[in-house]
Amino acid sequence: MFLLPFRVVDLSQEIYQGMSVFPMHQKTFIMVNMTHEENMKETGSKTLGFSARNLLISEHGGTHCDAVWEYKPEGATIEKMPLEYFFGSAVCIDVSFVPASRYIEVKDLQMAIKNSGQEIKRGDIVLLYTGHYDKNFGTEKWQTEYTGLSYDAAKFLAELGVVNIGVDAPSIDHPNDLDFSGHLVCGEYNITNTENLCNLDKLVNKRFLYFGLPLKIRDGSGSPIRAIALLEE
């Protein structure tokens, strides 16, 4: 075993049957494909059996990223998007002072960036710590009461050159926003967003390496990911 000069922070929620899923998406089902015993009987092996399960899951189930095509019909599907949108240098800023009753505005982002002591650079991935996962995951409020980006705030990040906007909530949009402003801006700038992250409290005001690679799904509208952050020790 070799030691990396990084500390790994797991940013992904578990995938399991009964997990909370955004109302418009497929619920998750996990089925046994074959048990160890069934496999040994089928192969005739007296030594070793193989077990496997089948997953039925939305492309937007759990911690996931979006393809531009999801919200822009002429946009790229997930397997055609630049991989650089899903890994690279990232910053986590603290917007947990914004209540669920209102949107995240430009002034909030400007304050959060200033407080972070970091500079947002072109090509960066920006994760928004709202505190929603810490406060409300596993409760009735998880899918209904969280803040989200206003159109101007999302555009502010896009014009800074951000290629991926991540959040510790079910969506980068406010639940009351039927214009889906964050996704609308992502479509206008052909960038992605990542939702249902966790453990962002461990990254607040830090710069780190982020990895949240999508599966190479042909014509995919998005993909579940295993998101991690690598922090220099």
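Please refer to the structure placed before this passage.
Residues numbered from 1 in each chain as written. Predicted model: local features only at pLDDT ≥ 70, side-chain atom pairs only at ≥ 80, totals over all residues. Heavy atoms only, no water.

Novice: Go over the sheet that holds strand β9 (residues 207-211) with me, naming the residues and quoting the values.
Specialist: The strand order across the open sheet formed by nine strands is β1-β11-β9-β5-β6-β7-β8-β4-β10, and the pairing between neighbours is mixed. Looking along the sheet, the strands with just one partner apiece sit at the ends: β1 (6-10) and β10 (222-224). Averaged over all adjacent pairs, the angle separating strand axes in this sheet is 25°, with direction ignored. Where strand β7 (residues 164-167) lies against strand β8 (residues 192-195), three bridges are found, and the strand directions are parallel. (Pairing = 2+ DSSP bridges. Helix = DSSP H or I, 4+ residues; strand = E, 2+ residues; numbered from the N terminus. Axes fitted to C-alpha atoms, helices over the stretch in contact; angles between N-to-C directions.)

Novice: So, the side chain of S171: which residues are in play, and what are the values?
Specialist: For S171, the location among the structural elements is in the loop between β7 and α6 (181-189). S171 gets classed as buried once you look at its relative accessible area, which sits at 6%. For S171, the side chain forms a polar contact with the main-chain nitrogen of D173, separated by 3.0 Å. There is a polar contact of 3.5 Å between the side chain of S171 and the side chain of E195. Not counting residues within four places of it along the chain, the set of residues in contact with S171 comprises F22, Y146, T147, H183 and E195. (Buried < 20%, exposed > 50% of the residue type's maximum accessible area, 1.4 Å probe, protein only. Polar contact = N/O pair within 3.5 Å; in protein donor to acceptor, adjacent residues only side chain to side chain. Contact = heavy atoms within 4.5 Å.)

Novice: How would you explain the packing of aromatic side chains if you had to name every residue and give the values?
Specialist: Under the defined criterion, the tally for this structure stands at four aromatic pairs. Relative to F211, the ring of F87 lies with its centre 5.7 Å away and its plane at 10°, an arrangement referred to as stacked. You can see F87 sitting in strand β5 (residues 87-94) and its partner F211 sitting in strand β9, a full 124 residues away along the chain. Of the residues examined, F87 reaches a relative accessible area of 33% and is grouped as partly exposed. Both rings, one in Y133 and one in W142, keep their centres 6.0 Å apart while their planes meet at 85°; by these two values the pair is edge-to-face. Ring pairs connect the aromatic residues Y133, F137 and W142, which therefore count as one cluster. (Phe/Tyr/Trp six-rings, centres within 6.5 Å; stacked < 30°, edge-to-face > 60°.)

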